[in-house]
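Architecture and fold: a report
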Amino acid sequence: MALEITDATFEETVLKSDKPVMVDFWAAWCGPCRMVGPIIDEISSEYEGKAVVGKVDVDANQEFAAKYGVRNIPTVLVFQNGEVVGRQVGVAPKKAYAEAIDALL
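Residues numbered from 1 in each chain as written. Predicted model: local features only at pLDDT ≥ 70, side-chain atom pairs only at ≥ 80, totals over all residues. Heavy atoms only, no water.

This next bit is on helix H1 (residues 7–15). Taken as a whole, H1 has its buried residues at Phe 10, Thr 13, Val 14 and Leu 15. Axial view of H1: buried residues confined to an arc of 150 degrees, hence all on one face. In this structure, H1 carries Ala 8 and Glu 12 as exposed residues pointing more than 90 degrees from its buried face. Buried residues along H1 sit in contact with strand S1 (3–4), strand S2 (21–26), strand S3 (52–57), helix H3 (63–67) and strand S4 (75–80). (Buried < 20%, exposed > 50% of the residue type's maximum accessible area, 1.4 Å probe, protein only. Helix = DSSP H or I, 4+ residues; strand = E, 2+ residues; numbered from the N terminus. Arc of directions from axis to C-beta. Contact = heavy atoms within 4.5 Å.)

So, about the packing of aromatic side chains. Scanning all chains against the criterion turns up 5 aromatic pairs. The interplanar angle of 85 degrees and the centroid separation of 5.2 Å between the aromatic rings of Tyr 68 and Phe 79 together place this pair among those described as edge-to-face. Placement of the pair is Tyr 68 in the loop between H3 and S4 and Phe 79 in strand S4, with a sequence separation of 11 residues. Each member of the pair, Tyr 68 as well as Phe 79, carries the same accessibility label: buried. The ring of Trp 26 has Lys 55 lying over it, and the distance from NZ or CZ to the ring centre is 6.0 Å. (Phe/Tyr/Trp six-rings, centres within 6.5 Å; stacked < 30°, edge-to-face > 60°. Lys NZ or Arg CZ within 6 Å of the ring centre and 35° of its normal.)

Moving on: the pairing of S3. For S3, the buried fraction is high: 5 of the 6 residues fall into the buried class. Here 2 bridges tie S1 to S3, and the two strands are oriented parallel to one another. Paired with Glu 4 across the two strands is Lys 55, which belongs to S3. Where S2 and S3 come together, 6 bridges link them in parallel fashion. Considered in S3, the bridge of Val 21 is made with Val 52. (Pairing = 2+ DSSP bridges.)

Since there are 3.6 residues in each turn of an α-helix, residues three or four apart along the chain are aligned in direction. Those residues of helix H4 (residues 94–102) that sit buried are Tyr 97, Ala 98 and Ile 101. One side of H4 holds all its buried residues, which, seen down the axis, span an arc of 95 degrees. Looking at the buried side of H4, the elements it contacts are S2, helix H2 (31–46), S3, S4 and strand S5 (83–89).

A few words now on the sheet that holds S1. Taken in spatial order, the 5 strands make up an open sheet running S1-S3-S2-S4-S5, and their pairing is mixed. Both edges of this open sheet fall to S1 and S5, since each of them pairs with a single strand only. With respect to the sheet, H2 is in contact with S2, S3 and S4, its orientation differing from that of S3 by roughly 155 degrees. Taken strand by strand, H4 contacts S2, S3, S4 and S5, and its axis lies near 145 degrees from that of S2. (Axes fitted to C-alpha atoms, helices over the stretch in contact; angles between N-to-C directions.)

Shown next, in the form of C-alpha cells:
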C-alpha cells in the first residue's frame, strides 16, 4: 500500500529521502485517479526498500500540488534528491511507472 503523504510530511518523506520517490497526486472524486491508485499500490509493494511510493490527496493537501504545478489529476511526479526528475499526467500503464523508478536505481 502506498504511503499517505500530507503537506506536513511531504518535505521529510519526499524532499529529504535518500531513495527515489514517486508521488501520486490524486482525489477521491477523480475517476482516472481510481484507475491509477491500484497500480501505484503495486509499484509500492514491488519497490519496497528500494524507493518511496506515496499518494497526496490534493483536496486535503494543496500546498505541494500548487508548488509543483499540478493542475490535472492524476499527476505522478518522480523525485530524486529533492528534485522533480519525472512527470506523468493522466493514466499510464504500470510499465511506465516502473521504468521511471528503474531509471533511478
